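Letter by letter, the chains look like this.
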Amino acid sequence: MNAKDILGTAPRQDAETSGDGGQPAWTREEFEAQLRAKGTAYHIHHPFNVKMNSGGCSREQIRGWVANRFYYQINIPLKDAAVLSNCPDRETRRRWVLRILDHDGYGDEEGGIETWARLGDAVGLSRDDLWSLKQVTPGVRFAVDAYVNFARRAPWQESVCSSLTEMFAPQVHRDRLASWPEHYPWIEPSGLAYFRSRI
């Protein structure tokens, strides 16, 4: 489910005003442009991510990032289930549930969590270490848990809006696939399958 899917299911407001003091409502195109403009605050612009994607990280830093990000990955289905639990719209639920299956996997599809675990293998993290979550820092735990709790309590539309990383992520993954083999040749190439699958 991408931004255009959400824009198509969002409740329509009066065409003349947005309900916030008489300001004209944005068109769908204007709304999407405003949303995409938020990409300048996306996590890839953080100094650590800039350093990582330009080849400046050590093996331990890459392993730490993979281990900490794994906590986020395993919580994505919980967050999406929370969105579903608050959403009375059947058509939206039918589309949104695919996000859970995409990460948890189904049938012969291994899902995003497993492909991330394979990235852990490729950078030298044992499965036991990864799944033990013992390398997850308190700050990451706090932030991820807060995100899941936000989705549990917020109106479903707000939780959906907090979940539109697909607007920015494909290019991030393309960039990693283009640069990581050169910067980090010690990472087993098969471990980059998660990034390929997100494109």
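It should be noted that the structure appears before, not after, this text.
Owing to the predicted nature of the structure, the values given are computational and were not obtained by experimental measurement.

Calculation notes
Residues numbered from 1 in each chain as written. Predicted model: local features only at pLDDT ≥ 70, side-chain atom pairs only at ≥ 80, totals over all residues. Heavy atoms only, no water. Patch = residues over 30% accessible without salt bridge, like charges linked within 9 Å, V, L, I, M, F, W, Y side chains within 5 Å. Areas by Shrake-Rupley, 256 points an atom, 1.4 Å probe, with all protein chains shown as cover. Salt bridge = Lys/Arg side-chain N within 4 Å of Asp/Glu carboxyl O. Helix = DSSP H or I, 4+ residues; strand = E, 2+ residues; numbered from the N terminus. Buried < 20%, exposed > 50% of the residue type's maximum accessible area, 1.4 Å probe, protein only.

**Some points on a nonpolar patch on the surface**
Right, on to step 1. A surface patch of nonpolar side chains, about 350 Å² in accessible area, is lined by Val97, Leu98, Leu101 and Tyr106.
Right, on to step 2. The residue Tyr106 is located in the loop between helix 5 (90–104) and helix 6 (111–123) in this model.
Right, on to step 3. For Tyr106, a relative accessible area of 47% puts it in the partly exposed group.

**Regarding the pattern of salt bridges**
Right, on to step 1. One pass over the full model with this rule turns up nine salt bridges.
Right, on to step 2. Note that Asp80 and Arg99 form a salt bridge whose closest N and O atoms lie 3.4 Å from each other. One end of the pair, Asp80, is in helix 4 (residues 59–85); the other, Arg99, is in helix 5, and 19 residues separate them in sequence. The same class applies to Asp80 as to Arg99, namely buried.
Right, on to step 3. Across the pair Arg118 and Glu110 runs a salt bridge, and its minimum N-O distance is 2.2 Å.
Right, on to step 4. For Arg118, a relative accessible area of 26% gives the class partly exposed.
Right, on to step 5. Here Glu110 falls in the partly exposed class, since its relative accessible area comes to 36%.
Right, on to step 6. One salt-bridge network, in which partners are shared between bridges, spans Lys79, Asp80 and Arg99.

This is a description of form; function is not addressed.
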